[in-house]
Amino acid sequence: DSGVTQTPKHLITATGQRVTLRCSPRSGDLSVYWYQQSLDQGLQFLIQYYNGEERAKGNILERFSAQQFPDLHSELNLSSLELGDSALYFCASSVAGTSGGNEQFFGPGTRLTVL
Amino acid sequence: GNSVTQMEGPVTLSEEAFLTINCTYTATGYPSLFWYVQYPGEGLQLLLKATKADDKGSNKGFEATYRKETTSFHLEKGSVQVSDSAVYFCALSDRGSSASKIIFGSGTRLSIRP
C-alpha cells in the first residue's frame, strides 16, 4: 500500500459526458501528479500540482483540467469524453516539488471506460 | 527532449533463469533513473533508483547500474521467480528541471513459467 488513494476504482460512462477522478496523496506529500496509461500511448504525464499550484503540464488535453485543494487532495476533471479517453488514470505524490531523485508514490488507479 | 527506450516485450522466462531488460535514455543534464514495476491489477511501485553515474540501485534481488558513458540503466536479476511476473518500466526524472515529471519507457511485460 503506497498511501495514495484514488476513487473511484472503476468508472463507466458515455461519450460526451464529464467525470471527476479524485486523489488523496500520502500524508506529508505536497506534490500530486496525474498520469494516463493507455494501450496505444503508454504511460503519459498529464499534470503536476505542488501545494495547490500548477507546477508542470504534460500531454493534457484542453478538455481535461485538474486542481489541488487546500487539504492537498486533487481532482482530475475530464469533459466531453471520447472513446479514446478510455484508460487507466494514475495519481502519484511526492514530498517535494522537484525531483532530485525523489520517489513518486503511485495510487492504484482509476479505470475509465467510455462507451 | 528527454526520452527512455526500453526492450520490447513480452519476455517469457523459466523460473530461476537470468533476467536482463535493456534500457537506454536520452537526457540533457544529469537525470535520476528509476525502474518501476506494475503487478497485475495494481499501480506502479518503485523497484529501484540511481541518482548519479555509477550508482547501483538494488532491491528484491534486482539490480541496475547508472552508466553515463553508454546512457543505459539495464535491469538484471540472477534468478527470477514466478512472482516476478509483471510489467517493468524504466524511467527518468530531470533533476535540473523546476518540475519533476517522470518520463517512462513503454514498459516490458515479463512472464515467468514455473
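Quick note: structure is the one above.
This write-up is about the structure you can find in this document. Worth saying up front: this structure is predicted, and the values here are computed from it rather than measured.

Focus: the side chain of R63 of chain A
All names here are of chain A. Inspection of the secondary structure assignment puts R63 in the loop between strand 6 (53-57) and strand 7 (64-68). A polar contact is formed between the side chain of R63 and the side chain of D85, at a distance of 2.8 Å. R63 has contacts with N77, L78, S79, S80, L81, E82 and D85, leaving out every residue within four places of it along the chain.

Some remarks on the nonpolar core
Ranked by size, the top nonpolar core spans 26 residues in total, and within it W35, L47, L48, F73, L75 and Y88 of chain B carry the most contacts. Only strand 2 (11-14), strand 3 (19-21), strand 4 (23-26), strand 5 (32-38), strand 6 (44-50), strand 8 (62-65), strand 10 (86-93) and strand 12 (108-113) of chain B provide two or more residues apiece to this core. The element that contributes the greatest number of residues to this core is strand 10 of chain B, accounting for 4 residues. Those residues in contact with L48 of chain B that sit more than four places away from it in its chain are L33, F34, W35, G57, S58, N59, F62, E63, A64, F73 and L75 of chain B. In this structure, C23, Y49, A66 and A87 of chain A belong to the second largest nonpolar core, which totals 21 residues.

Side note on the sheet that holds strand 8 (residues 74-78) of chain A
All names here are of chain A. Spatially, 1-3-8-7 is the arrangement adopted by the 4 strands of the open sheet, whose pairing is antiparallel. The strands lining the two open edges of the sheet, one partner per strand, are strand 1 (5-7) and strand 7. The mean angle between the axes of side-by-side strands here comes to 15 degrees, regardless of whether they run parallel or antiparallel. Of the strand pairs in this sheet, strand 3 (residues 19-24) and strand 8 are connected by 5 bridges, and their pairing is antiparallel.

Quick notes on the state of the cysteines
Residue and element names in this part refer to chain B. Counted by the stated rule, this structure contains 2 disulfides over all chains. Paired through a disulfide, C23 and C90 show a sulfur-sulfur distance of 1.9 Å. Residues C23 and C90 are joined by a disulfide whose S-S torsion is about -70 degrees; by sign, that bridge is left-handed. Here the residue C23 occupies a position in strand 4, and C90 occupies one in strand 10, the gap between them amounting to 67 residues. Exposure remark for C23: the relative accessible area of 1% places this residue in the buried category. In this structure C90 comes out as buried when scored by relative accessible area, which is 1%.

Things to note about the layout of surface pockets
What the largest pocket holds in volume is close to 790 Å³. Of all the secondary-structure elements, those providing two or more residues to the lining of the largest pocket are strand 4 (31-38), strand 5 (42-50) and strand 9 (87-94) of chain A together with strand 10 and strand 12 of chain B. Its residues assigned to classes, the lining of the largest pocket comprises 11 nonpolar, 14 polar and 6 charged. Taken together, 15 residues line the second largest pocket, and the ones lying closest to its centre are D1, S2 and F106 of chain A together with L44 and Q45 of chain B. The element best represented in the lining of the second largest pocket is strand 6 of chain B, accounting for 3 residues. Of the residues belonging to the lining of the second largest pocket, the class tally is 7 nonpolar, 5 polar and 3 charged.

Rules and cut-offs
- Per-chain numbering applies: the sequence of each chain, read as written, is numbered from 1 onward.
- Each chain takes a letter, starting from A, and each ligand takes a number, starting from 1, following the order in which they are written.
- The predicted origin of the model limits local features to residues at a pLDDT of at least 70 and limits the giving and counting of side-chain atom pairs to 80 or more, whereas totals for whole chains, interfaces and linings rest on all residues.
- As a convention, hydrogens and water are excluded, and side-chain values are obtained from all of the structure's heavy atoms.
- Helix numbering and strand numbering both begin at the N terminus, where a helix is a DSSP run of H or I of at least 4 residues and a strand a DSSP run of E of at least 2.
- Pairs of N or O atoms are called polar contacts if they sit within 3.5 Å, as long as, within protein, a hydrogen donor faces a hydrogen acceptor (for residues adjacent in sequence, only side-chain-to-side-chain pairs).
- Should any heavy atoms of two residues lie within 4.5 Å, those residues are counted as being in contact.
- Here, nonpolar core refers to any group of buried Ala, Val, Leu, Ile, Met, Phe, Trp, Tyr and Cys residues whose side-chain atoms link them within 4.5 Å.
- Accessibility here uses a 1.4 Å probe with only protein chains present; expressed as a share of the type maximum, an area under 20% marks a residue as buried, one over 50% as exposed, and anything in between as partly exposed.
- Strand pairing requires that DSSP identify at least two bridges connecting the strands.
- Simply put, an axis is a line fit to the C-alpha atoms, just over the touching stretch for a helix, and the angle between two N-to-C directions goes from 0 to 180 degrees.
- In what follows, a disulfide is any cysteine sulfur pair within 2.5 Å.
- Of the grid points, spaced at 1 Å and generated over the protein atoms alone, those admitting a 1.4 Å probe that cannot get out make up cavities, while open sets with protein on both sides within 12 Å along at least five of seven lines make up pockets; any residue with an atom within 4 Å of a point is treated as lining.
- Grid points are joined across faces, edges and corners, and a volume is the space filled by probe spheres set on the points.
- Only Asp, Glu, Lys and Arg are considered charged, only Ala, Val, Leu, Ile, Met, Phe, Trp, Tyr, Cys and Pro nonpolar, and every remaining residue, Gly among them, polar.

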